Amino acid sequence: MRKYENLVIVKPTLTAEEIQSSIAAIEEVITSNGGEIAARDVMGMRKLAYPIAKNERGYYHVIYYSVAPAAIAEIERRFRINEEILRFVTIKYEKNSEVKAWDALVAKANTAPVAKEEAPEAATKAPATEEAAE
């Protein structure tokens with residue numbers, strides 16, 4: 001099994017629950033194809049470099065996993081047909097130096113503070129507080 005990393009950008013118009021269910025569906029695609037998820041890195045809502053489908057922002061989520069190379073085609077196909085995903089990129093770690101870097105990234109993601117996972121909730125609560133201030 002090879003080591004991979006997926007950066008997925010989800011639409012910002014979704015609610016916190018919809019974002020979490022979308023991320024769960026993405027992870028389910030990986031595990032249903034024989035993948036083993038090593039770590040997750042929730043980067044939260046960020047501004048995009050350029051608008052994608054009229055969206056200025058996106059919810060970033062990185063998944064580190066191991067899977068057989070034959071399953072990547074099916075995983076990427078399922079990502080392409082998911083309308084909630086704005087963009088995704090799959091990175092393969094093949095050489096020994098790359099695998100060491102992957103291990104370091106997984107260790108860093110596993111030791112990251114848990115407070116990052118509250119980002120979708122904070123993103124949906126922000127507009128509500130603005131309305132209350134008016």
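Structure: see above.
Residues numbered from 1 in each chain as written. Predicted model: local features only at pLDDT ≥ 70, side-chain atom pairs only at ≥ 80, totals over all residues. Heavy atoms only, no water.

Student: What am I meant to see in the side chain of E76 here?
Tutor: Inspection of the secondary structure assignment puts E76 in helix 2 (residues 72-81). In terms of polar contacts, E76 uses its side chain to reach the side chain of T90, at 2.9 Å. Not counting residues up to four positions away in its chain, the partners in contact with E76 are F88 and T90. (Helix = DSSP H or I, 4+ residues; strand = E, 2+ residues; numbered from the N terminus. Polar contact = N/O pair within 3.5 Å; in protein donor to acceptor, adjacent residues only side chain to side chain. Contact = heavy atoms within 4.5 Å.)

Student: Would you mind showing me how to read the pairing of strand 1 (residues 2-10) here?
Tutor: Two elements, strand 1 and strand 3 (residues 55-67), share nine bridges in a ladder whose sense is antiparallel. By the bridge assignment for strand 3, V10 is matched with Y59. Sheet topology places strand 1 next to strand 4 (residues 85-93); eight bridges connect them, and they run antiparallel. Its bridge partner lying in strand 4, K3 is registered against Y93. (Pairing = 2+ DSSP bridges.)

Student: Looking at this structure, I do not really get the packing of aromatic side chains. What am I missing?
Tutor: According to the stated counting rule, one finds two aromatic pairs in the structure shown. Consider the rings of Y4 and Y65, whose centres lie 5.9 Å apart with planes at 25°: the pair is stacked. With Y4 in strand 1 and Y65 in strand 3, this pair connects stretches of sequence that are 61 residues apart. On the basis of relative accessible area, Y4 is assigned to the buried category, the value being 4%. Using a relative accessible area of 0% as the deciding quantity, one classes Y65 as buried. Ring geometry for F79 and F88: centres 5.3 Å apart, planes at 70°, overall edge-to-face. Among the residues examined, F79 registers a relative accessible area of 2% and is labelled buried. Judged by its relative accessible area of 23%, F88 is partly exposed. (Phe/Tyr/Trp six-rings, centres within 6.5 Å; stacked < 30°, edge-to-face > 60°. Buried < 20%, exposed > 50% of the residue type's maximum accessible area, 1.4 Å probe, protein only.)

Student: Before we go on, may I ask you to explain the environment of I52 in this structure?
Tutor: For I52, the location among the structural elements is in strand 2 (residues 36-52). Considering only alpha carbons, one finds I52 and L86, 34 residues apart in sequence, at a separation of 6.9 Å. Filtering out sequence-adjacent residues up to four positions away, I52 remains in contact with L86 and R87.

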